[in-house]
Amino acid sequence: MSVINPDQIDAQRLAGMRPDASRGDIDPALGDGSLVDDPALRPPLVLNGRDFHDVTEIVCGYTEKAPGWWWFHALGFAATVAGPAQNMIHYLIITGVGVWGLNNQVDWAWDITNFVFWIGIGHAGTLISAILCLLKQEWRTAVNRSAEAMTIFAVVCAGIFPGIHVGRVWFAWMLFPIPNYNWIWPNFRSPLLWDVFAVSTYATVSALFWYMGLIPDLATLRDRAHRRLQRGESQNMKLRLALPIPFPVLTMPFKGDTLRAYIYGFLALGWRFSGTHWFRYEKAYLILAGISTPLVLSVHSIVSFDFATSILPGWHTTIFPPYFVAGAVFGGFAMVLLLLIPLRELLPNMKDLLTLRHLELMAKILLVTGMMVGFAYGMEFFIAWYGANQFEWYAFIGNRANPETAPYWWAYYTMIFCNVVTPQLFWVKKFRQNPIIIWIVALFVTVGMWFERFVIIVTSLHRAFLPGEWHMFYPTWVDILTFVGSIGIFLTLFLLFVRFLPIFPIAELKAVMPGASPHDHEHHDDDHSDDQGDAPAKEGAH
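Residues numbered from 1 in each chain as written. Predicted model: local features only at pLDDT ≥ 70, side-chain atom pairs only at ≥ 80, totals over all residues. Heavy atoms only, no water.

1. With respect to the overall build of the protein chain
Part 1 of the reasoning: When helices and strands are counted, the protein chain shows 19 helices and two strands.
Part 2 of the reasoning: Here the protein chain holds 542 residues, and 52% of them are scored as buried.
Part 3 of the reasoning: Partitioning the intrachain contacts of the protein chain with sequence separation of at least 6 by distance along the chain shows that 77% fall at a separation of at least 24.
Part 4 of the reasoning: Just so you have it, the protein chain exposes about 25300 Å², and 67% of that area is on carbon and sulfur atoms. (Helix = DSSP H or I, 4+ residues; strand = E, 2+ residues; numbered from the N terminus. Buried < 20%, exposed > 50% of the residue type's maximum accessible area, 1.4 Å probe, protein only. Contact = heavy atoms within 4.5 Å. Areas by Shrake-Rupley, 256 points an atom, 1.4 Å probe, with all protein chains shown as cover.)

Written as structure tokens, this is what we have:
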């Protein structure tokens, strides 16, 4: 009798990981083999019978091997799109915020809309890494590293807009409580100042959490590069230095693995895969997960206080903190799917690590959070009606929902369609298991979440209490190019991450594989790993 749990044998047989005498192929209902519906079976999280060695080779291969031509084209396009943002920021600093479409009434528009949008995008990484880690959800291991990286890059893009919308950016140091002879101290009762501390804390903890998870994988890349140098398998490369005329072009030969060994070795912080290192790593990782969990709830709640603590109709509501948090998770997961689904097609063997089951689970989260956001939309109207405030009621009916009186009605109904209607497709099992449909819905959700922030900010500001103060907001080319450029910055950073850092946590992936179980003697006997990154990963998995 086998020492492996019979349910695990059945799961492996259904996934095509174990031969079956009755049939030689995978049941079409199981998709790629991961869509096991029976609750008594444990669906595989790594497909095609991959062992520890295979996982190491696949993940490290993305950074060690030359990328496909698609990567160079994508990077060139993203960097080109990012270029105008830098020029627009310089132009804004030199000229002033008057180059935007802002006016005396609509003093917040695309700048704060984009800030809240990017902060929301950054929530999925911390949610996947911290909360799902504390809840022991094993499927997170396929997406947490990429989501954490997106968090860092989204916060970078978000930080651009508060820094430049203040006008005199050289006085931004006054936001910090630095003693000075002017006796100018920040107003700690202002939610705008709370944003500074909340976002900076969130960015710091998220970066530490991301870097902490990278350390064992960086050590694996370091050891693999060092081993190739010892075996003489490293290829020579040429570095061309173009000097000013009349000097010639200098060519310096060097080994790429030498550079990898030094850089990854420096970043690995002396990691040696010892039991003590694994113990301290897991302890620190758990502590950071516990610290990050309340940040997921607090950061966007504090961002919502920018609006909820005012007396402006359309903003002054207590539902904003949970509403903003649910919307941030909603938009963040949509961005994760938006980037990983194309990457899954472009990178070799990535479908073995990021399965259809992972995509289906994230589609379910989109459905749940979309329903929460739709509930919040409805509650806004109920609160406005129940509160019997005619200004609040007009802000939602006459200023947003009624096409006859609301000039921005098209933005409101775009938001409703993208955020409430399109996720309902995921009630159909066939749709939430189809990567193309998931990607299309994620695109609609991303667009809808941007329009949500636009509707909240602009439609509440452009009509004040007195009709004589009503003004329309129209974005200028500087507004548009700055936002489009921030998208280019985000994509550029993400593409560089895909090329030079491991996009999957190698040790965590191995920990959820059948071979990580001490009772699975079959995988231990058949394991043919030959690199230093494999055996310690088993030790950490135990």
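2. Points about the environment of Arg140
Part 1 of the reasoning: Relative to the elements of secondary structure, Arg140 occurs in the loop between α5 (123-134) and α6 (144-165).
Part 2 of the reasoning: Note on Arg140: relative accessible area 5%, which makes it buried.
Part 3 of the reasoning: Those residues in contact with Arg140 that lie beyond four places of it in its chain are Ile128, Ser129, Leu132, Cys133, Tyr285 and Glu508.

3. Some details on the packing of aromatic side chains
Part 1 of the reasoning: One pass over the structure, following the stated rule, counts 45 aromatic pairs.
Part 2 of the reasoning: Ring centres of Phe117 and Phe483 lie 6.1 Å apart, and the angle between their planes is 75°; on these two criteria the pair is classed as edge-to-face. In this pair, Phe117 sits in helix α4 (residues 110-121) while Phe483 sits in helix α16 (residues 477-500), placing the two residues 366 residues apart along the sequence.
Part 3 of the reasoning: The buried category is assigned to Phe483, whose relative accessible area is 13%.
Part 4 of the reasoning: Here a set of aromatic residues connected by ring pairs shows up, and it is made of Trp110, Phe117, Trp118, Tyr408, Trp410, Trp450, Phe451, Phe454, Phe473, Phe483 and Phe490. (Phe/Tyr/Trp six-rings, centres within 6.5 Å; stacked < 30°, edge-to-face > 60°.)

4. Thoughts on the side chain of Thr482
Part 1 of the reasoning: Looking at where Thr482 falls in the secondary structure, it is placed in helix α16.
Part 2 of the reasoning: Thr482 sits in the buried class, given a relative accessible area of 4%.
Part 3 of the reasoning: Reaching out from Thr482, the side chain makes a polar contact with the backbone oxygen of Val478 at a distance of 2.6 Å.
Part 4 of the reasoning: If sequence neighbours within four positions are ignored, Thr482 has contacts with Ala85, Met88, Trp100, Phe161 and Ile164. (Polar contact = N/O pair within 3.5 Å; in protein donor to acceptor, adjacent residues only side chain to side chain.)

5. With respect to the nonpolar core
Part 1 of the reasoning: The biggest cluster of nonpolar side chains holds 145 residues, and the ones touching the most others in it are Trp118 and Phe504.
Part 2 of the reasoning: Phe504 has contacts with Val59, Tyr62, Thr141, Ala142, Arg145, Asp217, Met350, Leu353, Leu354 and Leu509, leaving out every residue within four places of it along the chain. (Core = buried A, V, L, I, M, F, W, Y, C linked by side-chain atoms within 4.5 Å.)

6. Focus: a nonpolar patch on the surface
Part 1 of the reasoning: A surface patch of nonpolar side chains, about 650 Å² in accessible area, is lined by Ile93, Trp170, Phe171, Trp173, Leu175, Phe176 and Ile178.
Part 2 of the reasoning: You can see Ile93 is positioned in helix α3 (residues 69-95). (Patch = residues over 30% accessible without salt bridge, like charges linked within 9 Å, V, L, I, M, F, W, Y side chains within 5 Å. Salt bridge = Lys/Arg side-chain N within 4 Å of Asp/Glu carboxyl O.)

7. Observations concerning helix α13 (residues 409-421)
Part 1 of the reasoning: For α13, built from 13 residues, the straight-helix expectation of 18 Å at 1.5 Å per residue is met to within 8% by its first-to-last C-alpha distance of 17 Å.
Part 2 of the reasoning: Within α13, the full set of buried residues consists of Ala411, Tyr412, Met415, Cys418 and Asn419. All buried residues of α13 project into a common sector of 140° when viewed along the axis, lining one side.
Part 3 of the reasoning: Tucked into the core, α13 has its buried residues touching α10 (320-346), α11 (356-386), α12 (390-401) and α15 (435-461). (Expected span 1.5 Å × (residues − 1). Arc of directions from axis to C-beta.)

8. Points about unusual backbone geometry
Part 1 of the reasoning: Its identity is not glycine, yet Asn48 carries a phi of approximately 60°, on the positive side.
Part 2 of the reasoning: As for its placement among the helices and strands, Asn48 is situated in the loop between α1 (6-14) and α2 (52-64).
Part 3 of the reasoning: One non-glycine residue with positive phi stands out, namely Lys136, at about 60°.
Part 4 of the reasoning: Mapped onto the secondary structure, Lys136 falls in the loop between α5 and α6.
Part 5 of the reasoning: A relative accessible area of 66% places Lys136 in the exposed class.

9. Focus on the environment of Thr56
Part 1 of the reasoning: Looking at where Thr56 falls in the secondary structure, it is placed in helix α2.
Part 2 of the reasoning: Classification of Thr56 by relative accessible area gives buried; the value is 0%.
Part 3 of the reasoning: Along the sequence, Thr56 and Asp217 sit 161 residues apart, while their C-alpha atoms lie 9.3 Å from each other.

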